[in-house]
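Single-letter residue listing:
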Amino acid sequence: NAGVTQTPKFRILKIGQSMTLQCAQDMNHNYMYWYRQDPGMGLKLIYYSVGAGITDKGEVPNGYNVSRSTTEDFPLRLELAAPSQTSVYFCASSYRLKNTNQPQHFGDGTRLSIL
Amino acid sequence: AQTVTQSQPEMSVQEAETVTLSCTYDTSESDYYLFWYKQPPSRQMILVIRQEAYKQQNATENRFSVNFQKAAKSFSLKISDSQLGDAAMYFCAYRSEKGAGSYQLTFGKGTKLSVIP
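Residues numbered from 1 in each chain as written. Chains lettered and ligands numbered in written order. Predicted model: local features only at pLDDT ≥ 70, side-chain atom pairs only at ≥ 80, totals over all residues. Heavy atoms only, no water.

## Focus on the nonpolar core
Logical step 1: B:Y25, B:W36, B:F75, B:L77 and B:Y90 are the most contacted members of the largest nonpolar core, which totals 25 residues.
Logical step 2: Going through the elements one at a time, strand 3 (19–21), strand 5 (32–39), strand 6 (46–52), strand 8 (64–69), strand 9 (74–79), strand 10 (88–96) and strand 12 (111–116) of chain B are the ones with two or more residues in this core.
Logical step 3: Beyond its immediate chain neighbours, meaning those up to four positions away, B:Y25 contacts B:T3, B:V4, B:Y32, B:L34, B:F68, B:Q69, B:K70, B:K73, B:S74, B:F75 and B:Y94.
Logical step 4: In terms of nonpolar packing, the next biggest core, distinct from the first, is built from 20 residues, A:L13, A:L78, A:A81 and A:I114 among them. (Core = buried A, V, L, I, M, F, W, Y, C linked by side-chain atoms within 4.5 Å. Buried < 20%, exposed > 50% of the residue type's maximum accessible area, 1.4 Å probe, protein only. Helix = DSSP H or I, 4+ residues; strand = E, 2+ residues; numbered from the N terminus. Contact = heavy atoms within 4.5 Å.)

This is how it looks when you write it as structure tokens:
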């Protein structure tokens, strides 16, 4: 099992460019998440999805968009890259969480720099 | 909103010794879950241990154990017989049982653990 796979691992963008961060999981998890990790900080939730066709905002959604057309894939879109979006992005997935202690399983992260 | 505080930005331990990492959290909820994640230099987030708030018994996973004090809102991680491979950033995380917060892990800022040979 590959678990949660993120691509690319590194990327440099110019201000105003757009890109999509890819995330795929092969564990048949219902839930998927996108987090960002700024230097010296813990992770903060950007968006999450509880199933195909269903997404919702997390703590820091501004400047991002997501879609969930399949159970396996949860891409994150940056439309107009800004320096404040320089960060490490983590995708995660889990089984249904409510009333369980199910952990979230993380990908290896994408380091994104906006110059 | 819940907050998670890790008051030790950095810690060090001699190989084979024991170290305790601190975590406190602020919540008005009675049902929730707590986690410790390890992030080595490879950047991968690895689950170390988890605890349900309704369980009084402290969780253990091999050399890792927690001291969960619900009334004090404290959730410390003890690493016994420290190994070089334990060197990493350690994050404490909180998740609500109900509502929108049940989908979100709230992380502390982390503690960087160094293991001295």
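## With respect to the sheet that holds strand 3 (residues 19–25) of chain A
All names here are of chain A.
Logical step 1: Reading across from one edge, 1-3-8-7 is the order of the four strands in this open sheet, with antiparallel pairing throughout. Bordering the open sheet on either side are strand 1 (4–7) and strand 7 (64–66), each of which pairs with just one other strand. Neighbour to neighbour, the strand axes of the sheet diverge by 20 degrees on average, direction disregarded.
Logical step 2: In terms of strand pairing, strand 7 meets strand 8 (residues 76–78) through three bridges, oriented antiparallel. Bridge assignment links Y64 to a residue of strand 8, and that residue is L78. (Pairing = 2+ DSSP bridges. Axes fitted to C-alpha atoms, helices over the stretch in contact; angles between N-to-C directions.)

## Notes on the pairing of strand 11 (residues 110–114) of chain A
All names here are of chain A.
Logical step 1: Residues T110, L112 and I114 line the buried face of strand 11, whereas the alternating positions R111 and S113 sit on a face that is not buried.
Logical step 2: Bridge count between strand 2 (residues 10–13) and strand 11: four bridges; the pairing is parallel. Note on strand 11: the bridge partner recorded for F10 is R111.
Logical step 3: Pairing analysis gives three bridges linking strand 9 (residues 87–94) to strand 11, with the strands arranged antiparallel. If you follow V88 over to strand 11, its bridge partner there is R111.

## Brief notes about the packing of aromatic side chains
Logical step 1: As enumerated under the stated definition, the model contains 15 aromatic pairs over all chains in all.
Logical step 2: Between the aromatic rings of B:Y32 and B:Y94, the centroid separation amounts to 5.1 Å while the plane-to-plane angle is 25 degrees, which identifies the pairing as stacked. Of this pair, B:Y32 sits in strand 5 while B:Y94 sits in strand 10; the two residues are 62 residues apart in sequence, bridging distant segments of the chain.
Logical step 3: Taking 6.1 Å as the distance between ring centres and 50 degrees as the angle between the ring planes, the aromatic pair formed by B:Y37 and B:F107 counts as tilted. Pair noted here: B:Y37 is in strand 5 and B:F107 is in strand 11 (residues 106–107), with a separation of 70 residues, a long-range link.
Logical step 4: By relative accessible area, which is 0% here, B:Y37 ends up buried.
Logical step 5: Grouped by ring-pair contacts, the aromatic residues A:Y33, A:Y35, A:F90, A:F106, B:F35, B:Y37, B:F91 and B:F107 constitute a single cluster. (Phe/Tyr/Trp six-rings, centres within 6.5 Å; stacked < 30°, edge-to-face > 60°.)

## With respect to the pattern of salt bridges
Logical step 1: Evaluation of the coordinates by the stated rule reveals four salt bridges over all chains.
Logical step 2: Here A:R36 and A:D38 are joined by a salt bridge, their closest N and O atoms 2.9 Å apart.
Logical step 3: Accessibility expressed as a relative area gives 11% for A:R36, which makes it buried.
Logical step 4: Here B:E52 and B:K55 are joined by a salt bridge, their closest N and O atoms 3.8 Å apart.
Logical step 5: Exposure remark for B:E52: the relative accessible area of 7% places this residue in the buried category.
Logical step 6: The exposure class assigned to B:K55 is partly exposed, which follows from its relative accessible area of 38%. (Salt bridge = Lys/Arg side-chain N within 4 Å of Asp/Glu carboxyl O.)

## Thoughts on the state of the cysteines
Logical step 1: Applying the stated rule across the entire model yields two disulfides over all chains.
Logical step 2: Across a sulfur-sulfur distance of 1.8 Å, A:C23 and A:C91 are joined as a disulfide pair. Handedness of the A:C23-A:C91 disulfide follows from its S-S torsion of about -70 degrees: it is left-handed. Of the two residues, A:C23 sits in strand 3 while A:C91 sits in strand 9, which places them 68 residues apart along the sequence.
Logical step 3: Using a relative accessible area of 3% as the deciding quantity, one classes A:C23 as buried.
Logical step 4: Exposure remark for A:C91: the relative accessible area of 0% places this residue in the buried category.
Logical step 5: Residue pairing for B:C23: its cysteine sulfur links by disulfide to B:C92, the two sulfurs lying 2.0 Å apart. Across the S-S bond linking B:C23 and B:C92, the dihedral sits near -70 degrees, which makes this disulfide left-handed. Here B:C23, found in the loop between strand 3 and strand 4 (24–26), pairs with B:C92, found in strand 10; they are 69 residues apart in sequence, far enough to count as distant. (Disulfide = S-S within 2.5 Å.)

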